[in-house]
Amino acid sequence: MDFNKEDDVSIRPIEEKDINTILRNYAEQGWSKPREVIEKYLDGQKNNCLYVFIAEYMNDIAGYTVLYPDTDVGPFAFKKIPVISDFVVFEKYQRKGIGNKILDEVEKKACELSDRVQLGVGLHSGYGAAQRIYIKRGYMPDGTGVWYNNAQLEPYANCKNDDDLVLFLVKNF
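What counts, and at which threshold
- Residues numbered from 1 in each chain as written.
- Predicted model: local features only at pLDDT ≥ 70, side-chain atom pairs only at ≥ 80, totals over all residues.
- Heavy atoms only, no water.
- Buried < 20%, exposed > 50% of the residue type's maximum accessible area, 1.4 Å probe, protein only.
- Helix = DSSP H or I, 4+ residues; strand = E, 2+ residues; numbered from the N terminus.
- Pairing = 2+ DSSP bridges.
- Contact = heavy atoms within 4.5 Å.
- Phe/Tyr/Trp six-rings, centres within 6.5 Å; stacked < 30°, edge-to-face > 60°.

Q: Lay out the pairing of strand 9 (residues 165-172) in plain terms, naming residues and giving numbers.
A: Counting buried residues along strand 9, six of its eight residues qualify, which places the element largely inside the surrounding structure. Strand direction decides the pairing type here: strand 6 (residues 116-122) and strand 9, joined by seven bridges, are antiparallel. Residue pairing across strands places Arg116 opposite Asn172, the latter belonging to strand 9. Here strand 7 (residues 140-148) pairs with strand 9 via five bridges, running antiparallel. Counted as the bridge partner of Trp147 is Val166 from strand 9.

Shown next, in the form of structure tokens:
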């Protein structure tokens, strides 16, 4: 993978040494992430099943995201449309343009794979910054409504406003 380096932020593929730093940064902001998830990302990248984009800033990992070439869940399941997943900029590095730099590189790669890219964004206030950045970058709701636990909700269905309540967005290139 060829990634650009701009200013003080470099975007690069994940490496084994990144796992502990990512987990430390999660813990510093009071979040947890199972080690197995990050290890799965590394293995997936090694096996050419996905791409992991690491943002390095001042010798620390400021954030990352994952790009899957396609998916088997959501409105575009099995349609060979890349999916952005697990987009994170750690709180201490937010509002520095790092999220946009990550997404610039992810979208370049997605554009090589398809004429559009998709993602699911949570609906509670914890996802407010992500919701705003996606809309500013031209992502639009895909028209399938709200999804919960990887299933499309029927109109007027009851749901819980947790991390599994998402709206799928799509961006055409």
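Q: Talk me through helix 1 (residues 18-28); I want residue IDs and the actual numbers.
A: Along helix 1, the positions that sit buried rather than exposed are Asp18, Ile19, Thr21, Ile22, Leu23, Asn25 and Tyr26. Turning to helix 1, the residues buried within the fold contact strand 2 (9-13), helix 2 (35-46), strand 3 (51-57), strand 4 (60-68) and strand 5 (83-89). Count one or two residues on from helix 1 and you reach Gly30, which has phi positive near 80°.

Q: Tell me about the packing of aromatic side chains, and please be specific about residues and values.
A: Under the defined criterion, the tally for this structure stands at eight aromatic pairs. Judged by centre distance (6.4 Å) and plane angle (55°), the rings of Tyr41 and Tyr64 are tilted. A residue pair is termed long-range when its members are at least 10 positions apart, and Tyr41 in helix 2 and Tyr64 in strand 4 qualify at 23 residues. Exposure class is identical for Tyr41 and Tyr64. Each is buried. Counting every residue linked through ring pairs, the aromatic cluster contains Tyr26, Trp31, Tyr41, Tyr64 and Phe90.

Q: Residue-level account of unusual backbone geometry, with values.
A: One non-glycine residue, Asn48, lies in the positive phi region at around 60°. Locating Asn48 in the fold gives a position in the loop between helix 2 and strand 3. Despite not being glycine, Asn59 has its phi angle at roughly 60°, a positive value. By the element assignment, Asn59 lies in the loop between strand 3 and strand 4. With a relative accessible area of 77%, Asn59 lands in the exposed category.

These values are about where atoms sit, not about what they do.
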